[in-house]
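Letter by letter, the chains look like this.
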Amino acid sequence: KISHEWLARFVPHGREATAIRDLITAHVATVEGFERLRADLATFVVARVVESERIPDTKLSFNKVDDGSGTLLEVVCGAPNVAVGAMYPFARSGTRVPPSAKNPAGLLIEKRKIRGFTSNGMLCSAQELNLGDDADGILTLETSAAPGTPLLDVLPLGDVRLEVDVLPNR
């Protein structure tokens, strides 16, 4: 079993994991397994908060979020660290948040009314993405990536595990 990222550090190559898989299979040995790690985060994107206002008498905020779709989405958020212009991991409606100890089946994000406001997705904390224990606020991303960029393109989590069948004559 070989990590694509480890292989790229060991032998710098600048190629996608699929290209390396094909090269190994064509010239060295058969790649029997190809597994994208953290594939559970493949549907999450980077989003920018464009507008934010507190909902009176609550700890919630009503936000307009640019998720790269061309339409600003209205999102209700309970995190205290929402800031206009900041970038965050975003789960669009229809996305399933990864399973956790708190929620073993994962959580399906759906469009819903919260305190009279419609929420069309969720800005995510590190804990909700199984990236750490921090649930005090949403995960702020330090990136210049455009809204709508897949989260796995921004965070170094998208490694691939290659399983190579090394035959006895190799």
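Here is what the cut-offs are and how they apply
- Residues numbered from 1 in each chain as written.
- Predicted model: local features only at pLDDT ≥ 70, side-chain atom pairs only at ≥ 80, totals over all residues.
- Heavy atoms only, no water.
- Helix = DSSP H or I, 4+ residues; strand = E, 2+ residues; numbered from the N terminus.
- Rg over C-alpha atoms; globule rule 2.2 N^0.38 Å.
- Buried < 20%, exposed > 50% of the residue type's maximum accessible area, 1.4 Å probe, protein only.
- Contact = heavy atoms within 4.5 Å.
- Areas by Shrake-Rupley, 256 points an atom, 1.4 Å probe, with all protein chains shown as cover.
- Lys, Arg positive; Asp, Glu negative; His and termini not counted.
- Charge placed at Lys NZ, Arg CZ, Asp CG, Glu CD.
- Pairing = 2+ DSSP bridges.
- Axes fitted to C-alpha atoms, helices over the stretch in contact; angles between N-to-C directions.
- Phe/Tyr/Trp six-rings, centres within 6.5 Å; stacked < 30°, edge-to-face > 60°.

Undergrad: For the overall build of the protein chain, give the residues involved together with the corresponding values.
TA: What the protein chain contains, in helices and strands, is three helices and twelve strands. Its C-alpha atoms give the protein chain a radius of gyration of 20 Å, more than 25% over the compact-globule value 15 Å for 170 residues. If one aligns the C-alpha atoms of the protein chain with their principal axes, the spans along those axes are about 70 × 35 × 25 Å. Buried residues in the protein chain amount to 35% of all 170 residues. Summarising the internal contacts of the protein chain: among those between residues at least 6 apart in sequence, 60% fall at separations of at least 24. Working note: accessible area of the protein chain is about 9900 Å², and carbon and sulfur atoms make up 51% of it. The protein chain carries 19 positive and 22 negative side-chain charges, and their two centres are separated by 3 Å.

Undergrad: Please give an account of the sheet that holds strand S12 (residues 160-165) that cites residues and values.
TA: Ordered in space as S1-S12-S2, the three strands form an open sheet in which the pairing is antiparallel. Whereas interior strands pair on both sides, the edge strands pair on one side only; in this sheet they are strand S1 (2-3) and strand S2 (30-36). Pairing of S1 with S12 involves two bridges; the strand directions are antiparallel. Paired with serine 3 across the strands is arginine 161, a residue of S12. Strands S2 and S12 of the sheet are contacted by helix H2 (residues 17-27), whose axis makes an angle of about 165° with S2.

Undergrad: Pulling in residues and values, what's your account of the side chain of asparagine 120?
TA: In this structure, asparagine 120 sits in the loop between strand S10 (117-119) and strand S11 (121-123). Those residues in contact with asparagine 120 that sit more than four places away from it in its chain are Leu73, Glu74, Val75, Phe90, Ser93 and Lys111.

Undergrad: Just give me the short version of the packing of aromatic side chains, but keep the residues and values in it.
TA: According to the stated counting rule, one finds two aromatic pairs in the structure shown. Measuring from ring centre to ring centre gives 5.2 Å for tryptophan 6 and phenylalanine 10, while their planes differ by 5°; the resulting arrangement is stacked. With tryptophan 6 and phenylalanine 10 both in helix H1 (residues 4-10), this residue pair falls four residues apart, about one helical turn. Centroid distance phenylalanine 62 to phenylalanine 117: 4.8 Å. Interplanar angle 40°. Geometry classified as tilted. Of this pair, phenylalanine 62 sits in strand S4 (residues 61-66) while phenylalanine 117 sits in strand S10, placing them 55 residues apart in sequence.

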